[in-house]
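Here are the chains, one letter per residue:
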Number of protein chains: 4
Amino acid sequence: MNFDNINVPQKLVPENYWRLGLAAQRPKKRGFKELLEKRKLPLNGWPDEHIEELVHQIASLDSNNFPHKVGLGEREARIACRLVSRRHYNFGHGIGRSGDLMEAQPKAAGSTLLAHLTNALILDLMQGLGLPSCRGCFLVPMCTGMTITLCLQSLRKQRPLAKYVLWSRIDQKSCFKAITAAGLEPVIVPCLVQHQALSTDLNAFEQQVEALGAETILCLYTTTSCFAPRNSDNIVDIAQLAKRFDLPHLVNNAYGLQIGEISRQLERAQRLGRVDYFVQSSDKNLLVPVGGAIVASFDQSLLYLVGSSYAGRASGSQTLDVFMTLLSLGRSGYHSMLQKRVDNFNYLKEQLMEFAQRHGELVIESRDNFISLAITLGTLWAATGQGSSITQLGAMLHMRGVSGVRVVVPGQSKTIDGHAFPDFGSHQTNLELPYLTVAAAIGITREEIDKFFKIFNKCWTKLSQSLSENKTKQ
Amino acid sequence: MNFDNINVPQKLVPENYWRLGLAAQRPKKRGFKELLEKRKLPLNGWPDEHIEELVHQIASLDSNNFPHKVGLGEREARIACRLVSRRHYNFGHGIGRSGDLMEAQPKAAGSTLLAHLTNALILDLMQGLGLPSCRGCFLVPMCTGMTITLCLQSLRKQRPLAKYVLWSRIDQKSCFKAITAAGLEPVIVPCLVQHQALSTDLNAFEQQVEALGAETILCLYTTTSCFAPRNSDNIVDIAQLAKRFDLPHLVNNAYGLQIGEISRQLERAQRLGRVDYFVQSSDKNLLVPVGGAIVASFDQSLLYLVGSSYAGRASGSQTLDVFMTLLSLGRSGYHSMLQKRVDNFNYLKEQLMEFAQRHGELVIESRDNFISLAITLGTLWAATGQGSSITQLGAMLHMRGVSGVRVVVPGQSKTIDGHAFPDFGSHQTNLELPYLTVAAAIGITREEIDKFFKIFNKCWTKLSQSLSENKTKQ
Amino acid sequence: MNFDNINVPQKLVPENYWRLGLAAQRPKKRGFKELLEKRKLPLNGWPDEHIEELVHQIASLDSNNFPHKVGLGEREARIACRLVSRRHYNFGHGIGRSGDLMEAQPKAAGSTLLAHLTNALILDLMQGLGLPSCRGCFLVPMCTGMTITLCLQSLRKQRPLAKYVLWSRIDQKSCFKAITAAGLEPVIVPCLVQHQALSTDLNAFEQQVEALGAETILCLYTTTSCFAPRNSDNIVDIAQLAKRFDLPHLVNNAYGLQIGEISRQLERAQRLGRVDYFVQSSDKNLLVPVGGAIVASFDQSLLYLVGSSYAGRASGSQTLDVFMTLLSLGRSGYHSMLQKRVDNFNYLKEQLMEFAQRHGELVIESRDNFISLAITLGTLWAATGQGSSITQLGAMLHMRGVSGVRVVVPGQSKTIDGHAFPDFGSHQTNLELPYLTVAAAIGITREEIDKFFKIFNKCWTKLSQSLSENKTKQ
Amino acid sequence: MNFDNINVPQKLVPENYWRLGLAAQRPKKRGFKELLEKRKLPLNGWPDEHIEELVHQIASLDSNNFPHKVGLGEREARIACRLVSRRHYNFGHGIGRSGDLMEAQPKAAGSTLLAHLTNALILDLMQGLGLPSCRGCFLVPMCTGMTITLCLQSLRKQRPLAKYVLWSRIDQKSCFKAITAAGLEPVIVPCLVQHQALSTDLNAFEQQVEALGAETILCLYTTTSCFAPRNSDNIVDIAQLAKRFDLPHLVNNAYGLQIGEISRQLERAQRLGRVDYFVQSSDKNLLVPVGGAIVASFDQSLLYLVGSSYAGRASGSQTLDVFMTLLSLGRSGYHSMLQKRVDNFNYLKEQLMEFAQRHGELVIESRDNFISLAITLGTLWAATGQGSSITQLGAMLHMRGVSGVRVVVPGQSKTIDGHAFPDFGSHQTNLELPYLTVAAAIGITREEIDKFFKIFNKCWTKLSQSLSENKTKQ
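Residues numbered from 1 in each chain as written. Chains lettered and ligands numbered in written order. Predicted model: local features only at pLDDT ≥ 70, side-chain atom pairs only at ≥ 80, totals over all residues. Heavy atoms only, no water.

Under an unreviewed UniProt entry, the name given to chain A is O-phosphoseryl-tRNA(Sec) selenium transferase, and the organism recorded is Drosophila madeirensis. Taken from UniProt, the Catalytic activity (unreviewed entry) comment for chain A reads in full: "O-phospho-L-seryl-tRNA(Sec) + selenophosphate + H2O = L-selenocysteinyl-tRNA(Sec) + 2 phosphate". (UniProt positions renumbered as here; feature names shortened; annotations may be inferred.)

Visitor: Could you give an account of the overall build of chain A, naming the residues involved and the relevant values?
Guide: Secondary structure assignment for chain A yields 16 helices and 16 strands. Projected onto its principal axes, the C-alpha coordinates of chain A cover approximately 90 × 55 × 45 Å. In chain A, which comprises 474 residues, the share counted as buried stands at 64%. Partitioning the contacts of chain A with sequence separation of at least 6, the portion at a separation of at least 24 is 72%. Carbon and sulfur atoms make up 48% of the accessible area of chain A, which amounts to about 16,500 Å² in all. A gap of 5 Å separates the mean positions of the 51 positive and 42 negative side-chain charges of chain A. (Helix = DSSP H or I, 4+ residues; strand = E, 2+ residues; numbered from the N terminus. Buried < 20%, exposed > 50% of the residue type's maximum accessible area, 1.4 Å probe, protein only. Contact = heavy atoms within 4.5 Å. Areas by Shrake-Rupley, 256 points an atom, 1.4 Å probe, with all protein chains shown as cover. Lys, Arg positive; Asp, Glu negative; His and termini not counted. Charge placed at Lys NZ, Arg CZ, Asp CG, Glu CD.)

Visitor: A description of the relation of the copies chain A and chain D should follow, citing residues and the corresponding values.
Guide: With an RMSD of 0.0 Å, the operation that places chain A on chain D is a rotation of 180° combined with a shift of 0.0 Å along the axis. The transformation relating the two chain copies, once decomposed into turn and shift, fits a two-fold axis. Of every C-alpha in chain A, the one belonging to A:R82 sits nearest the axis of rotation, 5.6 Å from it. Taken as a fraction of all interface residues of chain A, those also at the interface in chain D reach 100%, which identifies the copy contact as same-surface. (Least-squares fit on C-alpha atoms with pLDDT ≥ 70 in both.)

Visitor: Give a detailed account of unusual backbone geometry, specifying residues and quantitative values.
Guide: A cis amide bond, omega 5°, links A:A228 with the succeeding residue A:P229. With respect to the secondary-structure elements, A:P229 resides in the loop between β7 (217–223) and α9 (235–245). Positioned with a positive phi, D:R39 is a non-glycine residue whose angle comes to about 55°. With respect to the secondary-structure elements, D:R39 resides in the loop between α2 (26–38) and α3 (48–59).

Visitor: Describe in detail the packing of aromatic side chains, supporting the description with residues and values.
Guide: Following the criterion strictly, the structure yields 56 aromatic pairs over all chains and no others. Ring centres 5.1 Å apart and planes at 20° place the aromatic pair B:F452 and B:F456 in the stacked group. Residue B:F452 and its partner B:F456 are both found in helix α16 (residues 446–473); the two are separated by four residues, about one turn of the helix. The exposure class of B:F452 is buried, given its relative accessible area of 0%. Residue class for B:F456 comes out buried when judged on its relative accessible area of 0%. When the centroid spacing of 5.5 Å and the interplanar angle of 80° are considered together, the rings of C:F355 and C:W460 count as edge-to-face. Here C:F355 is found in helix α13 (residues 317–358), whereas its partner C:W460 is found in helix α16 (residues 446–473), with 105 residues between them in sequence. For the pair formed by C:F355 and C:W460, the shared burial category is buried. Taken together, the ring pairs in this structure connect A:W167, A:F176, A:Y221, A:F421 and A:F424 into an aromatic cluster. Sitting above the plane of the A:Y347 ring, A:R446 keeps its charged end 3.8 Å from the centroid. (Phe/Tyr/Trp six-rings, centres within 6.5 Å; stacked < 30°, edge-to-face > 60°. Lys NZ or Arg CZ within 6 Å of the ring centre and 35° of its normal.)

Visitor: Describe the sheet that holds strand β2 (residues 136–140) of chain D, naming the residues involved and giving the relevant values.
Guide: Whether parallel or antiparallel, the strands of a sheet pair through hydrogen bonds between backbone atoms. Residue and element names in this part refer to chain D. Reading across from one edge, β2-β10-β9-β8-β7-β3-β4 is the order of the seven strands in this open sheet, with mixed pairing throughout. Each edge of the open sheet carries a strand with a single partner, namely β2 and β4 (185–189). Ignoring which end each strand starts from, the neighbouring axes of this sheet average 20° apart. The pairing of strand β7 (residues 217–223) with strand β8 (residues 249–252) spans four bridges and is parallel. Note that in β8 the partner of Y221 across the bridge is L250. (Pairing = 2+ DSSP bridges. Axes fitted to C-alpha atoms, helices over the stretch in contact; angles between N-to-C directions.)

Visitor: I'd like a rundown of the interface of chain B and chain A, residues and numbers included.
Guide: Contacts between the two partners involve 97 residues from chain B, matched on the other side by 97 residues from chain A. Here chain B and chain A share an interface that buries about 7,600 Å² over both sides, 58% of which is from carbon and sulfur atoms. Per-residue buried area on chain B facing chain A is highest for B:L72, B:E74 and B:R87; these three make up 12% of the total on that side. Seen at the junction of chain B and chain A, the total is eight salt bridges. Our count for the contact surface shared by chain B and chain A stands at 48 residue pairs in polar contact (both at pLDDT 80 or more). Element by element, the count of residues in the side of chain B that touches chain A is highest for helix α13 (residues 317–358) of chain B, at nine residues. Class assignment for the residues of the side of chain B that touches chain A results in 43 nonpolar, 31 polar and 23 charged. Pairing of strand β12 (residues 402–403) of chain A with strand β1 (residues 70–71) of chain B involves two bridges; the strand directions are parallel. Within β1(B), the residue paired with A:V402 across the bridge is B:V70. (Buried area = accessible area lost by both parts, 1.4 Å probe. Salt bridge = Lys/Arg side-chain N within 4 Å of Asp/Glu carboxyl O. Polar contact = N/O pair within 3.5 Å; in protein donor to acceptor, adjacent residues only side chain to side chain. Nonpolar A, V, L, I, M, F, W, Y, C, P; charged D, E, K, R; others polar.)

Visitor: Give me the state of the cysteines: which residues, what numbers.
Guide: Here the structure, examined in full by the defined rule, presents zero disulfides over all chains. D:C81 carries a free sulfur, and the closest cysteine sulfur to it, the one in A:C81, is 18 Å from it. D:C143 forms no disulfide, and the closest cysteine sulfur to it belongs to D:C175, at a distance of 9.9 Å. (Disulfide = S-S within 2.5 Å.)

Visitor: Explain the pairing of β2(D) residue by residue, including any values.
Guide: A regular strand carries its side chains on alternate faces of the sheet. Residues and elements named next belong to chain D. Taking burial as the measure, the five residues of β2 include five buried ones, the bulk of the element. Burial along β2 is two-sided: the residues G136, F138 and V140 and C137 and L139 are all buried. In this structure, β2 lies alongside strand β10 (residues 293–297), joined through five bridges in antiparallel fashion. From the neighbouring strand, G136 faces β10, where its bridge partner is S297.

Visitor: Can you explain the packing of helix α3 (residues 48–59) of chain B against α13(B)? Please cite residues and give values.
Guide: All names here are of chain B. Viewed as axis vectors pointing N to C, α3 and α13 meet at an angle of 145°, and their least axial separation amounts to 10 Å. Crossing handedness for the pair α3 and α13: right-handed. Each of I51, L54, V55 and I58 in α3 lies in contact with α13, whose residues at this interface are L320, F323, M324, L327 and S328. Looking at the contact of α3 with α13, its residues break down into eight nonpolar, one polar and no charged. (Left-handed = near helix turned anticlockwise from the far one by under 90°.)

Visitor: An account of the UniProt feature "binding site: tRNA" (unreviewed entry) in chain A is needed here, citing residue identities and associated values.
Guide: When the UniProt feature table is mapped onto this chain numbering, "binding site: tRNA" (unreviewed entry) sits at A:R271 and A:R400. Maximum C-alpha separation among the annotated residues is 46.8 Å over a sequence range of 130 residues, too wide for a single clustered spot. Note on placement: A:R271 falls in helix α10 (residues 260–272). For A:R271, a relative accessible area of 57% translates into the label exposed. Looking at the secondary structure, you find A:R400 in the loop between α15 (392–399) and β12. By relative accessible area, which is 29% here, A:R400 ends up partly exposed. Among residues more than four places away in sequence, those in contact with A:R400 are A:I455, A:C459, A:K462 and B:H68. Side-chain polar atoms of A:R400 contact the backbone oxygen of A:M396, separated by 3.0 Å.

Visitor: Account for the sheet that holds strand β4 (residues 185–189) of chain A, with residues named and values stated.
Guide: Residues and elements named next belong to chain A. With mixed pairing, the seven strands of this open sheet are ordered in space as β2-β10-β9-β8-β7-β3-β4. Looking along the sheet, the strands with just one partner apiece sit at the ends: β2 (136–140) and β4. Across the sheet, the axes of successive neighbouring strands diverge by a mean angle of 20°, strand direction being ignored. The sheet contact formed by strand β3 (residues 164–168) and β4 spans five bridges and is parallel. Of the residues in β4, the one forming a bridge with W167 is I188. Relative to the sheet, helix α6 (residues 144–158) contacts β2, β3, β7, β8 (249–252), β9 (277–281) and β10 (293–297), its axis offset from that of β9 by approximately 160°.

Visitor: Just give me the short version of the pattern of salt bridges, but keep the residues and values in it.
Guide: The tally for this structure, following the rule as stated, stands at 72 salt bridges over all chains. The shortest N-O distance in the salt bridge between B:E448 and A:R78 comes to 3.2 Å. Of the two residues, B:E448 sits in helix α16 while A:R78 sits in the loop between β1 (70–71) and α4 (82–87), which places them in two different chains. Each member of the pair B:E448 and A:R78 is classed as buried.

Visitor: Any chance you could break down the side chain of B:T376 for me, citing the residues and the numbers?
Guide: Residues and elements named next belong to chain B. Within the fold, T376 resides in strand β11 (residues 372–376). Residue T376 is classed as buried on the basis of its relative accessible area of 3%. One polar contact links T376 to E361, side chain to side chain, over a distance of 2.7 Å.

Visitor: Could you give an account of the interface of chain A and chain D, with specific residues and numbers?
Guide: On the chain D side, the residues contacting the six residues of chain A number six residues. When residues of chain A are sorted by the area they lose upon contact with chain D, A:L20, A:R82 and A:R86 head the list and together hold 68% of the total. Here chain A and chain D share zero salt bridges between them. Our count for the chain A to chain D interface comes out at zero residue pairs in polar contact (both at pLDDT 80 or more). For the side of chain A that touches chain D, the secondary-structure elements that each account for two or more residues are α4 and α15 of chain A.

This is how it looks when you write it as structure tokens:
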């Protein structure tokens, strides 16, 4: 509601006070109008009250919230538990329509509007993050892995005879399972190792294309954001390769949206070569609960193929989360978080190099990784006689509240869906030294970094002592 | 918290009042303990306050809610917008772990517990609904169609050489797209038409198995709940066929959980034949917002194959909705909703038959459909000279707040992913008379039914008049 | 907000769906407009969402919620804790203005509107409850007792030389303390006792007026709702007395608004005599949390004297509670609660008479009490040798969850602010038999009554046995 | 609840994850225990979730929240509207018991605990703010003025023959009406004026005491926090006078709790003289919505007299607000707000002096006012020919979002309850120059101050021009 056409009697409130009150509503009304008409992310974040007001208004456009509704179908978005209803602001219809995520729903004008508006805001955000040529994107209420599967499935509809996916190795299970889930055949292209850092092996890619024949290949599949010492894939070169062989190119940009360098690489890859889809996690980049991913493309028509590959309608909960988060932060709020991340990454790097120096270790130089860092654990490893007890370090950190660090040790192989991954976790086959990775992702605070080094130091000391004692005993 | 080990001073509250207050907490504490230890759905629903208390407690076990957390990973379940955080009760980690929906998360004991407990409560509910042999189930945060795709993908891992899915035709897009999304080849088995009602053509299924060869067939795929005049598939016979040919059998039980007869058929099909998975919508059966489905099986080990086919972790939002809804209703609350649905279905049927009689139409007898009803629109159609203007009826109803009814008219063909569906919407190729379907799904009220007939009658009259006027003019 | 002047692009939502959504908003908009313009309680209750929307909109008119506010005063309604802010819907300014509860606040158009509108709705409700001549009322954010004190204080400003308040005895502390708190001199007029029931002693009132001289008397002060076996005061006769002697008449109508007979008596008292103010509890009559009272009068100008006696501004929290409750119930919701109360009172009375008969006791006939009932405890008392151990009965009931019953025993005297009350609790000086009172107030359920008799019976039996055993031992 | 005695099965969550989750609960549990057992304000603020959890737990101890409750009284804290219930966390019983605000309620152990605990936390806060000798305090759910009335009423019970209240003039209506509301006789003691600043006239006080006779005087009534150029009363001297004449001394400390100097003066006044009660606003000092005040005393027994003067029970809403706010801020949060206020006051003063200098005006030196500042408006006034059009300045500022400033102009008299106040607003009888006051109260931001001066400057310029134009025209 608003008070526009209501003649509030003087008995309720004197007219001059009333007019002042009404005048104060104007900025909010202007904000609502602009958002809906221009579909651009506001510069400054909105207060919670405005966000909730808009969300409630949009929800009231869905038929399950009509006062006069008569539901005679099998799915009428009835919500039995009022706690559930309340937490979803009475949205019940989800997004999309049987078999197309981007289609409008006749029963749910509000949900439809919310979904399309959210996609428009994400696009506006992305274009402002170094991706001006991005032409479309949409939020899929599935994780990054499954969304990549969805992209692969839609590519298969276009290239029904192709079955191979050429994939630059990265040791994260769901990246790989995204291929097998689609019933496709992964071809693992190992990384180049130089001074312990890993990068894309362009030649190997090219050789595989030639060996298998381009027509049998569904697409090239690269990854940007990853754990050090692996670097972001060289997506510009791969994009050029893709263009040359007329092959689709799919980029797993899981948490790359928060990194300016990667966005710029994507833009460049598109200019010089070919990028069909790039997929990013909504939780990792936009700080919402786990469960969504964003498919983006430089060619809007390609997106419809993905949207219509989803069988059924889908949860609108992720859309609501992203919508509220974007309005709450505003463009400036998000950019300021990105800037803080950069500062904290640099701070983390400095501190880690200092730590390394003090303990006779090394921070592995991985120039094209702007989020994750790896420090060697050579001296500790030597202390254990190169045993696996060094993995204790991870457990010790975890028990003290540190999450997200990884200790990677030589000799830990794994088989996933029939494919062997020697030295799993290291993205390579001949890991020589164990290392530990840390990352500075969006939202990290300086206090966390300081606390981490305090704990890391304590654990290091404790572990060194106990290892050397053990050795003495032996 | 509770007050158990706290010595509240007399200055704050006199001891006798205090003791009475504490004593009143006992039933609640007992309820919490039993729920967690026995993992059974409580008989009676809980008050909102108790549900929220438990949910908050469980969420506090996740590492993102630890006061001393230090997050150095790329995904730390940070939530930027406090409205989002609040509506998710601070849950951020989702469920599952890279590549397995049922795995526990080291960072998220609470989310893990919530997911497993919710699955246990659903199982308990299902066993009490006529499926005592059901051995496991889990909630997938994707719609029914995509969850069926997931089941097909996991079947493919077991039968890599099979590519056909034998499917008893039902004209809902997402049921069919579930097959093509998985990159599999659908084989459409037409229904038998008898007195306008449709049922499973067992012989046609058998012929197809023999024609294609069992080894090329991934599975038989049937559907229970559907729009009249199609009946629930004869799943007992198909299950026996599946057993005979050693073929997997997948049942789309979209909104069948609310129908006792269907559950009993499923149980019987398993006893006499083979059912691998049956999939049901969480929103249609449990009245939560759109976005989840439940995979169930009579063999628990089969479920792990599905869970591990999901590439990545997944949204926990659907889990939370189902958890809160089940606790809020309790077993008795859910059963009483089911009973009301049965009563309302009978009432709807009576009223529809009366309406049909008054207007010279017929309610098509579809004995194995316990939720949807179809009434012929012969006289109206005659009035239009069998033109398609009869579809106006649907629009007229919709504009007056009636949702969920469908007007099906001869001659509306459609092609989906390259497969032709003549007379789409009718599940058959030679529809003769148009009809309208209505359903009495869980949650429908008698008031809705009464309002519907008022509106239906008004629209019918209006349309008849305008059609006959048009005819006169011509 | 609303969508009225917003051109939502087709890209966001197709126009026909959009128009249906907009059309569905009309009843709500009409409801808002009517409420504000006509200031009448809606017939039917509103859904929670509509109530919250309106409340949020009203709050946004207060200056503390202006986006551009610059606060340089000593009180700017800043709210430090967002939980507090949220639960008050961002209202912070309270109601009234230094020294007048009914004045508008320049800083707070919203709070002002809310207060005046709430008072208008209460007035509309009261007029429909049998008080058509009521000319005004307002909610005071203090309990009934303190609000009576406020009325007395405002009467004193008009009659500065009068100091006595003639008060028909009722044994509730705060009724009496309302007089002494104002620094006035209470004159206790004992009730007439007839067959154990108590009623107003009109002659005693008249004698006191003559003895003290009307000019020394501030007002006559009567009470309607009370514990049986005291009856509602005979307010019609006292009103006539007041008129004859030109004396103000103040009625404590604490929980009388829920009783049709009392409202009709008030209306009659005014017609035939004089009633200046009648005061009722908002929590007891309108089922909101404790803390407010409603002053009403048949002469609006008298109310301003009360409003301007309050020194300062006051909490708006009670106003908000009453506003939301009235909108939530609607006129029909409230009336249906009143009807249920009448039915339950009759049911309680029947059951109590049956219980009395079974146990050789009596329900004391107090014809002018329509809410409370008293049952004698003669046989139990005989069993104790007329000792005070009979008070155990109350404790036993309380321990089993029964609240609100009172056991009144002869011989319990009390002194309040220097005035002696022999047989305190019984409203009389020579109580002969102990009794227990129960009430059927608005909101009571039949289940509660049934549970009560189960527990009452159990306690009665247990106590009888233990009393007779004790007697035997002696 | 907590998980202490619950054996959570491994099936729900692996034991090591579970143990980590449980371990993380310890700080919270310790916090709850300490709060309840020690009744001290925590050093650091609590997160919202912990506050709400505790509040919910406390509410569950009230009988209206018992699952097995049977309510047969006239007031059972039933809440009809669930929005109301939710916003009060299901508290319904209010605080106190008929006729004593500090008494425990048998029906409401939770409300009782909440009230007492909140009072304990306020006391702890006050002791740490420079009032170590403070022995007790309690929150009254009425504004400062009415709470002062309550104190006066309780003093009258102790000195029934005294009727005069000696009051150092301050031009705020509710301060004065607090006396007349109690039916007492105010004796206005004018302030001393020196260099435009005002201070307490000790001699005048002494003369009045002697003239009227101490036995006729109820108490001396001073005010600390006030608008410049009035200073805080010289409470130390008045306290000594009170002690000498054995007279009660009541201090209106409305917004003085936020000012260290005033607290120290109070402490000193008590050491060297006599202070019976000092009363402060909860909204002005603790940033909660309007509606409460805190009565404090250096002698706990004096407080019981005030508590038992309140006729009835009272709203618990203010208690809840203060409780949540204090826990949310913690001691350190509150102290840091105080420090910011001091900094902002100094900043405001500097800026104002600069502004004054630029415009040929003066910031009046009022040394004992640490919160409010007055700037003369001589040049503007001269421009109007000393007309009253200068009051436009206030309206202009208000229209631009500036609230809380006051323009005080010579010649504005007022009569309140029969007492004349010449030059009302200026606290004196011979105001020569108009002035404007601004205050830096707790919660003010530097941005607000900067915005104020921008607007002030604009208005000043605009007004000067239009005034000089008008003059030219004349």
